[in-house]
Each structure stands twice: as C-alpha cells, then as structure tokens.
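Take a look at the letters that make up each chain.
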Amino acid sequence: MKGWKIAVAVILVVLVGIQWVPTHSNQKNTDQGKDFLTMYAPPARIGTLLRTACYDCHSNHTVYPWYNMVQPVAMFMENHIVQGKKKLNLSEFGGYSSRRQRSKLKSMASQIEDGDMPLTSYTLLHRNADLSDQERRTIKAWIDTKI
Ligand code: HEC
C-alpha cells in the first residue's frame, strides 16, 4: 500500500474506534430557586437570549444537537461544558456567596460586552446564539443594573 492509503486507513480505524468512547449527558436536577433566571427574572427577551446563548455550557441542562452522538464532537463539547460549569454554573448561581455572585455578574457583563462569550466554536453551529451588537448592549445594560 502507498503511504497515503495507510494513513487514510489509520484515520478511519481511529474514527470508528473512538465511537465507543461514551458520550455523557449534562442533565442534573437542582434547586430551581438557585437558578440565575429564576433569581433575577429578567425581561423575557433577555432571559431567552441568555438561555439560548449561555445555558448549554453554563448550566446543568444542556440541549444537545444530534451530532453530539458522534465522537470526537462529544468529547470536544463535554470539555467545554465541564470547564464552563466550573467557572460559572447558572443553575447553581444562588449557591454562590454574594461576593462571588457579584464578581460573576461583572465577569458576565464584560464577557458579553467584549464579544468573548459565547465561544466562537459554538456560535458557528448555533447561529441563534450569535448575539448581535444590539443584543449584547441590551443584556449588558440589564446585568449592570444587578451589580
Ligand atoms: C460552548 C460553551 C460555552 C458557551 C455557549 C458559553 N460559554 Fe462561557 N465559558 C465557557 C468555557 C469553556 C469557559 C472557561 C474557559 C474560558 O474562560 O475561556 C467559560 C467562561 C466564562 C466566564 C468566565 C467565568 C470566570 O469567572 O472566569 C464567563 C463570565 C462566561 N463564560 C459567561 C458566559 C456567558 C454570559 C455566555 C452566554 C452569553 C457564555 N459564557 C456562553 C464555555 C461557554
């Protein structure tokens, strides 16, 4: 076999093989009263935007697309969810100390204002999570009133 054929064969074997790596589901029932959207009850439009743009990685409830059944997509996504939740879990926001809540609110406002969140790798596929400048300004202004 020529070198490239061997390379293609190896890639295929690896791609098929990693399908056995289990995919996980980020679904955990937690106290609804500690949820960010329940606590702050933002105007419906802002609530929807935050749920659409942030909750898949920063909450205990990810809405998975079908391609999460495919590896290595699932591993890539799980890593973002684990890292994202470690820094900010909106489902458990009420469990943070008030000092931590304040600093997370500030951090959310600046991430949204600077366009750093949601991650670009996410908005490429989740087009409705790609916030417009106007939406960013609206959400930021609302968060500022809570700090
Ligand atoms: C695709 C997954 C994903 C989405 C969607 C997402 N984030 Fe993140 N977020 C992460 C990851 C991963 C980190 C940690 C690594 C980093 O800082 O880049 C993070 C970090 C953060 C941090 C930093 C927390 C800290 O204290 O350091 C804030 C704040 C944040 N995200 C807010 C948001 C907001 C607000 C949204 C929605 C507008 C959002 N994120 C959407 C994955 C995501």
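Residues numbered from 1 in each chain as written. Predicted model: local features only at pLDDT ≥ 70, side-chain atom pairs only at ≥ 80, totals over all residues. Heavy atoms only, no water.

Asker: Any chance you could break down the site of the ligand for me, citing the residues and the numbers?
Answerer: Close to the ligand lie 18 residues; Cys54, Cys57, His58, Lys104 and Met117 are nearest. One of the side-chain N or O atoms of His58 is found 2.8 Å from a nitrogen atom in the ligand. Between the ligand and Lys104 there is a distance of 2.5 Å, counted from an oxygen atom to a side-chain nitrogen or oxygen. Contributing elements (two or more residues each) for the shell around the ligand: helix H3 (44-54), helix H4 (73-87) and helix H5 (98-114). Examining the composition of the shell around the ligand, we find that five residues originate from one element, H5, more than from any other. Here the residues of the shell around the ligand are counted per class, giving ten nonpolar, six polar and two charged. (Near = heavy atom within 4 Å. Polar contact = N/O pair within 3.5 Å; in protein donor to acceptor, adjacent residues only side chain to side chain. Helix = DSSP H or I, 4+ residues; strand = E, 2+ residues; numbered from the N terminus. Nonpolar A, V, L, I, M, F, W, Y, C, P; charged D, E, K, R; others polar.)

Asker: I'd like a description of the side chain of His126, backed by residues and values.
Answerer: Examined against the element boundaries, His126 turns out to sit in the loop between helix H6 (120-123) and helix H7 (133-144). Ignoring any residue separated from it by four or fewer positions in sequence, one finds His126 in contact with Asp56, Pro65 and Tyr67. (Contact = heavy atoms within 4.5 Å.)

Asker: Account for the pattern of salt bridges, naming residues and giving values.
Answerer: Under the criterion given, the structure shown has four salt bridges. Asp31 serves as the salt-bridge partner of Lys34, at 3.7 Å between the closest nitrogen and oxygen. Classification of Lys34 as partly exposed rests on a relative accessible area of 32%. Residue class for Asp31 comes out partly exposed when judged on its relative accessible area of 46%. (Salt bridge = Lys/Arg side-chain N within 4 Å of Asp/Glu carboxyl O. Buried < 20%, exposed > 50% of the residue type's maximum accessible area, 1.4 Å probe, protein only.)

Geometric descriptors of this kind do not, in isolation, establish any biological role.
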